[in-house]
Amino acid sequence: MIRPMIAANWKMHKTIPEGVEFAKQLKKEFSEPGDVDIVIAPPFTALFPVAEVLRDSSIHLAAQNMHWEEKGAYTGEISPTMLVDAGCEFVIIGHSERRTLFGETDAMLNRKIHAALKSGLKPIFCIGETLKERESGTTFEVIKKQIKEGLNNITSDDIRQLTFAYEPVWAIGTGKTATPPEAQEVHRFIRETIAADLGYAHASETVIMYGGSVNPENTGSLMDQPDINGALVGGAALDIDSFEGIIKILER
Ligand code: PEP
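These numbers were taken from a predicted model, which means no experiment stands behind them.

Conventions and cut-offs
Residues numbered from 1 in each chain as written. Predicted model: local features only at pLDDT ≥ 70, side-chain atom pairs only at ≥ 80, totals over all residues. Heavy atoms only, no water. Near = heavy atom within 4 Å. Polar contact = N/O pair within 3.5 Å; in protein donor to acceptor, adjacent residues only side chain to side chain. Areas by Shrake-Rupley, 256 points an atom, 1.4 Å probe, with all protein chains shown as cover. Nonpolar A, V, L, I, M, F, W, Y, C, P; charged D, E, K, R; others polar. Helix = DSSP H or I, 4+ residues; strand = E, 2+ residues; numbered from the N terminus. Buried < 20%, exposed > 50% of the residue type's maximum accessible area, 1.4 Å probe, protein only. Contact = heavy atoms within 4.5 Å. Pairing = 2+ DSSP bridges. Axes fitted to C-alpha atoms, helices over the stretch in contact; angles between N-to-C directions.

### Overview of the site of the ligand
Line of reasoning, step 1. The immediate surroundings of the ligand are formed by 14 residues, with Lys 11, Glu 167, Gly 173, Ser 213 and Gly 235 found nearest.
Line of reasoning, step 2. Lys 11 places a polar side-chain atom, nitrogen or oxygen, 2.7 Å from an oxygen atom of the ligand.
Line of reasoning, step 3. At 2.8 Å from an oxygen atom of the ligand is found a main-chain nitrogen or oxygen belonging to Gly 235.
Line of reasoning, step 4. Protein chains bury 96% of the 290 Å² of accessible surface belonging to the ligand in isolation.
Line of reasoning, step 5. For the shell around the ligand, the class distribution of residues is four nonpolar, eight polar and two charged.

As structure tokens, then:
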């Protein structure tokens, strides 16, 4: 039985006081380890203050991005070691906004995954097709390429540290969700692709979250699918009541 995960991606939202207040409320409601791994990914400025609130709780902290180098002349970037220093355990890598708005390629994401693992950070690796790719019937081809190139030279031991998020780009922030069977079909394909490379034993334990306009109304039917093991939530994770509502559905 795979332990489900729910992750809140706040993107470029929330000041330090807002992030701290959210974390305090979440910690009050979910102070004991439950049946779901809860992860929150604040913007960089709020990471350390939120980490201070989450200390001694079972809620995990993630960053939304990082550079692959340890240090150097990379103005505006942040290194894996700096994220560990700020209290992060996870890091989101390859979010579609990073791929499309900031030109991150599969080869760059592969470097980031290796660097994260080397520093002891657990990557949440995002993959997903655009609407154009879905409509042209290339979804599986795109997903396979993202996995193969993103995970180049990743070992079966490494894969234990990795979580996947299938996020169809056309469903992110649009209010359009993949239907549960549509999402399940791709999640199954992702698991089979991992299994073909790294063995079924590893693939059967890998957490594959779904992301794309998840909300308290559609969570239940998505989570009923056998290969969907959680949710990466953007918009609906900005409001404490709606995020807690989604967590409670996953806990059932
Ligand atoms: C996301 O940013 O990863 C995401 C899934 O956003 P939303 O839930 O708003 O679609």
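### Concerning the side chain of Asn 229
Line of reasoning, step 1. Note that Asn 229 resides in the loop between α11 (219-223) and β8 (230-233).
Line of reasoning, step 2. On the basis of relative accessibility, which here comes to 8%, the residue Asn 229 falls in the buried class.
Line of reasoning, step 3. For Asn 229, the side chain forms a polar contact with the side chain of Arg 191, separated by 2.7 Å.
Line of reasoning, step 4. Setting aside chain neighbours within four positions, we find Asn 229 in contact with Ile 2, Pro 4, Met 5, Arg 191, Thr 206, Val 207 and Ile 208.

### What about the sheet that holds strand β6 (residues 163-166)?
Line of reasoning, step 1. Around the barrel, which closes on itself, the eight strands sit in the order β1-β2-β3-β4-β5-β6-β7-β8 with parallel pairing between neighbours. For this sheet, the mean inter-axis angle between neighbouring strands, taken without regard to orientation, is 25°.
Line of reasoning, step 2. Relative to β8, strand β7 (residues 208-211) runs parallel, the two sharing two bridges. Paired with Tyr 210 across the two strands is Ala 231, which belongs to β8.
Line of reasoning, step 3. Packing against the sheet, helix α7 (residues 139-150) makes contact with β5 (122-127) and β6, and its axis sits at approximately 150° to β5.

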